[in-house]
Amino acid sequence: MNLECSASECREKTQMNQENLKAFIRANIYSFAFLGIMLWVAYGMKLSHLSISHDTEAIISVPDSLYDSWVSMGRYGLLLLKKIFGLYQFSPWLASVLMFLTMMSGAVIWEYLFYQLANTKKGFGKISWIFPAFFLTAPMMAEQLSFELQAFEVSLAILITGVVLLLIWQGFIRRRYWYAVPAVLLLALSFSCYQTIIPLYMAAAAACFLIYYKRQERFWSSIFWMIGIMGVSFVIYELGSKVALQIFQITPTNYLSDQILWGNTSVIQCVRNILYHIRDALFCRDIYYSTAYPIAVIFAIVLLVMMFRRKQKNFYLYLLGLLFLLLTPFIMTILLGQQPKFRTQIVLPFVFGFLFQNFALELIEIGKNGGKVLLRGITAISVILIFQQINITSKMFYSEYVQYEEDVRLAVKITDRIDQLNLGENPEEPVVIIGSRSPRLNPSAYGGYENPGNSFYEWCFTVEYGTFIIQNFWTTLGYDYHMPNAEQSSFAERYAEKMPSWPDTGSVRCEEGVIIVKLS
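Residues numbered from 1 in each chain as written. Predicted model: local features only at pLDDT ≥ 70, side-chain atom pairs only at ≥ 80, totals over all residues. Heavy atoms only, no water.

(A) Seen up close, the packing of aromatic side chains. Applying the stated criterion across every chain, the model contains 43 aromatic pairs. With a centroid separation of 4.7 Å and an interplanar angle of 45 degrees, the aromatic rings of Trp169 and Tyr212 are classed as tilted. Here Tyr212 lies in helix H11 (residues 197–212) and Trp169 lies in helix H9 (residues 151–173), a separation of 43 residues in the sequence. Among the residues examined, Trp169 registers a relative accessible area of 2% and is labelled buried. Taking relative accessible area as the criterion, Tyr212 reaches 0% and is therefore assigned buried. Taking 4.4 Å as the distance between ring centres and 15 degrees as the angle between the ring planes, the aromatic pair formed by Phe456 and Phe473 counts as stacked. Remark: Phe473 occurs in helix H19 (residues 463–476) and Phe456 occurs in the loop between strand S1 (431–434) and H19; sequence separation between them is 17 residues. Across the pair, Phe473 and Phe456 agree in class, each one buried. Members of the aromatic cluster, connected to one another through ring pairs, are Trp110, Phe114, Phe131, Phe135, Phe350 and Phe354. (Phe/Tyr/Trp six-rings, centres within 6.5 Å; stacked < 30°, edge-to-face > 60°. Helix = DSSP H or I, 4+ residues; strand = E, 2+ residues; numbered from the N terminus. Buried < 20%, exposed > 50% of the residue type's maximum accessible area, 1.4 Å probe, protein only.)

(B) Just the pairing of strand S2 (residues 508–511), in detail. Note: S2 against strand S3 (residues 514–518), 4 bridges, orientation antiparallel. Counted as the bridge partner of Val508 is Val517 from S3. Between S2 and the antiparallel strand that follows it, S3, lie 2 residues; Glu512 among them carries a positive phi value of about 50 degrees. (Pairing = 2+ DSSP bridges.)

(C) Representation of the packing of helix H6 (residues 92–117) against helix H7 (residues 130–137) in the model. Relative to each other, H6 and H7 sit at 140 degrees, their axes nearing to 9 Å. It follows that H6 is oblique to H7 by the angle criterion. For the crossing formed where H6 meets H7, the hand is right-handed. Taking contact as the criterion, the partners of Met103, Ala107, Trp110, Glu111 and Phe114 in H6 are, on H7, Phe131, Pro132 and Leu136. Tallied by class, the residues present in the contact of H6 with H7 amount to 7 nonpolar, no polar and 1 charged. (Axes fitted to C-alpha atoms, helices over the stretch in contact; angles between N-to-C directions. Parallel < 35°, antiparallel > 145°, perpendicular 65-115°, else oblique. Left-handed = near helix turned anticlockwise from the far one by under 90°. Contact = heavy atoms within 4.5 Å. Nonpolar A, V, L, I, M, F, W, Y, C, P; charged D, E, K, R; others polar.)

Right under this line is the structure:
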């Protein structure tokens, strides 16, 4: 078997792939235009109004400290991409624009991947908006991208994962096994950007297998091919993490391992947590969950019944692949023994988005009058459910904007009080912030999200941490004060017990060379 091609053959293949991709985009242009409109409605507030979210204050004010924390958590790929694209000095506007463009590009890549594997090509352009619209407008994805300091890089990692699977399947089908080399390296880079890409790859690999299944050929080879590439990529990612820690002389953090409850609580409680999470997702017990998931599960069951009645060959493999796909949104839950943060659950909308589109594709293949009527029904349901997601997501970013403006107003008021202490424009005395304060949101905003709508003045788990967050936020506005040491923080905490809280007179004062601001 010839595993290499001549230069002319490679150029011909590349040109053919480019032409195929261009033809695919032309054939799906209306679908992607519709998707662009939906994404703009969902993320337009983020793009058109400049505001910063949690952790963004750190990447602006103390970037080296934040980049070190990324390396300590095994996310060195984020730093690498910042260096590659010249984004080390952070720009909120550029980050939002690049995020949007990358999301649109990623949607094209993922749909092109599914199109290449699909048994039915005809009519694909009518439904190619369904999966990316469900996936990218989901509140869980918006929660992840609300951390704008990494929004572009995480979106790029998701796009790269689609490219990896395109390389994997192109290499497998054409027997160009050397495609595995760039696939492995790119996948390792994606893992190093955000660890949630690992279960996302698992879900995507299962999705690709379910589409490829109808070809009824080389099943086990394709499975081992995808598993092998993932295994090698993970090893490279782990080795890269150790090298990065050595280069930067950083100690690995327990940020991820501390979230694991196994061994720290009873097995029964961990099992309950897992089952509760599955229940919450199926019955939509939070605004982050969508009715689309239980409906998608029903669609999957209907497809199973149809294949069983047809006596589809190797039916058990399809069944196992589907069960694994449905399990992937809860892999992190199983590993942690508890429900993870919503921003790490992006696999869930990926799965139900795929299942909706896959079911629609099956109806197109049926092609009869009944199938056409059902397809219209699926399209209508998809539009309604996606609009519900867009409503939540757009409100999320509006709430973030309202919260940011309120935080800015409070910063101006507090710093004015500090100026009234007559210590000069740039006081030598360090500032210590005691307590916390919730933002005053208007009736249209909502403060119950995991990150958006939460004030910088709320992250006060300790005096030192709260002071660090708030002072970094003030620095982004041009108010730069000295940070206190541990002794000064301890003194301020004791002295604040006899001070009134903000905005009362005396809630901002200077005592023994320390400026104390008592919020609560």
